[in-house]
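Residue-level listing of the chains:
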Amino acid sequence: MKDSALVVAGMATLSAGTYAFRLSGQALRARITFPPRAAKLLEAAAVILLAALVATTALTEGHGFSGFARPAGVLVAGVLAWRKAPFLVVVLAAALVTALLRILGVS
Amino acid sequence: MRSIWRTLDRRVLADVGLTCVAVFFIGLSYGAIAVASGFPLWLPAALSVLVLAGASEFLFVGIVATGGSPIAAALAGLLVNSRHLPYGLALPDIAGPPGVTGRRWARLLGTHVMNDESVVFALAQPDLPRRRAAYWACGLGVLACWPGGAVLGGLIGSAVHDTSAFGLDAMFPAVILALIVKDLRDARTLRAALAGAAIALVATPFLPPGLPVLLALAALLLLVRAPATEASTSPGHQASTSPGQEPAAAEVRTAP
């Protein structure tokens with residue numbers, strides 16, 4: 001954390017903005033009808049952002065490749081999640097696979 | 001408060017409890033990851049109480065930790081949280097206190113505890129009193145469990161020093177993936193998400209940190225251009241409106 005003031009400003013923006021979203025939906029309810037298609041697009045936008053975050057944090061470090069151990073762990077977690085394994089199993093499997101690969105010398 | 005216990009049947013309460021336990025565990029990983037990425041404990045703790053929307057907090061922490069601008073991170077988080085607006089539109093007067101109406105502070109609190117879980121549980125109830133009760137039970141439960149998990153996770157994370165040896169760096173993407181996998185069962189969403197991920201990866205060597213993730217939104221064009229199959233809701237999507245059908249882990253998409 002290099003610039004604490006900026007981080008706090010970001011936190012305040014996120015907190016206040018999120019509350020505003022929660023409030024405005026209720027306030028607007030009487031006045032407008034939100035097209036379901038727009039709601040779906042918003043939802044998809046969230047999933048796309050998060051998927052991109054998964055890809056970049058799993059595969060990259062700085063501007064380069066992160067090495068094989070971490071994406072391998074995430075891949076195993078993804079397969080487990082797809083097969084509806086419990087959340088805890090999914091997350092611990094990612095850490096375990098990555099740690100084991102590193103013990104075996106895979107970076 | 002007491003009216004919550006009287007209004008809801010035991011099965012719904014058990015489902016709410018299970019969901020809150022799951023939220024607690026996600027909170028644990030969130031706090032541990034945030035501290036492991038170099039943030040002080042107060043940061044995830046404060047975010048968990050003030051924002052109370054897990055996915056956006058993960059996104060914020062992830063972008064800032066990789067060197068992105070905190071303001072860009074906040075805007076990305078807000079984009080994720082914009083879904084709360086349609087939530088408010090969809091729920092008829094539910095954030096009011098159970099039983100008594102019109103108490104101002106209760107309404108303000110009721111607005112704050114609006115999240116994926118509380119909304120899903122509310123929508124599954126047949127009438128307004130039960131909707132309110134379910135909404136409040138789940139909302140307050142998450143308000144306790146999410147920050148509680150985050151603080152405890154942060155304390156545990158502070159005790160671990162070499163995070164890469166334990167593979168903790170793989171936990172962050174795994175958590176997010178576990179939370180969105182339900183949405184990815186929809187073929188069109190999956191296609192757009194993969195395209196977005198590819199865009200972000202290709203952009204990473206060239207752009208400053210944080211921006212590649214935002215650039216991924218270009219993949220939305222895939223969904224805008226092809227309106228098509230409105231009627232065909234994916235099985236994964238239906239699960240989000242029927243709490244209790246699946247174990248808690250499947251429900252807590254973007255907890256809380």
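Attention here is on the structure that accompanies the text. (Residues numbered from 1 in each chain as written. Chains lettered and ligands numbered in written order. Predicted model: local features only at pLDDT ≥ 70, side-chain atom pairs only at ≥ 80, totals over all residues. Heavy atoms only, no water.)

**Some thoughts on the interface of chain A and chain B**
Line of reasoning, step 1. Listed per partner, the contact involves 66 residues of chain A and 89 residues of chain B.
Line of reasoning, step 2. A combined buried area of about 6,900 Å² lies between chain A and chain B, and 77% of that area is made up of carbon and sulfur atoms.
Line of reasoning, step 3. For chain A, the biggest contributors to the area lost against chain B are Arg 22, Leu 49 and Phe 87 of chain A; these three give 12% of the whole.
Line of reasoning, step 4. Seen at the junction of chain A and chain B, the total is 2 salt bridges.
Line of reasoning, step 5. For the interface between chain A and chain B, the tally reads 11 residue pairs in polar contact (both at pLDDT 80 or more).
Line of reasoning, step 6. Put simply, the parts of the chain that give the side of chain A that touches chain B at least two residues each are α1 (4-28), α2 (36-59), α3 (69-82) and α4 (87-103) of chain A.
Line of reasoning, step 7. Split by residue class, the side of chain A that touches chain B holds 42 nonpolar, 15 polar and 9 charged. (Contact = heavy atoms within 4.5 Å. Buried area = accessible area lost by both parts, 1.4 Å probe. Salt bridge = Lys/Arg side-chain N within 4 Å of Asp/Glu carboxyl O. Polar contact = N/O pair within 3.5 Å; in protein donor to acceptor, adjacent residues only side chain to side chain. Helix = DSSP H or I, 4+ residues; strand = E, 2+ residues; numbered from the N terminus. Nonpolar A, V, L, I, M, F, W, Y, C, P; charged D, E, K, R; others polar.)

**Observations regarding the state of the cysteines**
All names here are of chain B.
Line of reasoning, step 1. Scanning all chains against the criterion turns up 0 disulfides over all chains.
Line of reasoning, step 2. Note on Cys 20: no disulfide assigned, nearest cysteine sulfur contributed by Cys 145 at a separation of 4.7 Å.
Line of reasoning, step 3. According to the relative accessible area criterion, Cys 20 is buried, its value standing at 7%.
Line of reasoning, step 4. Free cysteine: Cys 138, not disulfide-bonded; nearest cysteine sulfur from Cys 20 at 5.1 Å.
Line of reasoning, step 5. Residue classification places Cys 138 among the buried residues on the basis of a relative accessible area of 0%. (Disulfide = S-S within 2.5 Å. Buried < 20%, exposed > 50% of the residue type's maximum accessible area, 1.4 Å probe, protein only.)

Geometric values such as these leave the question of function open.
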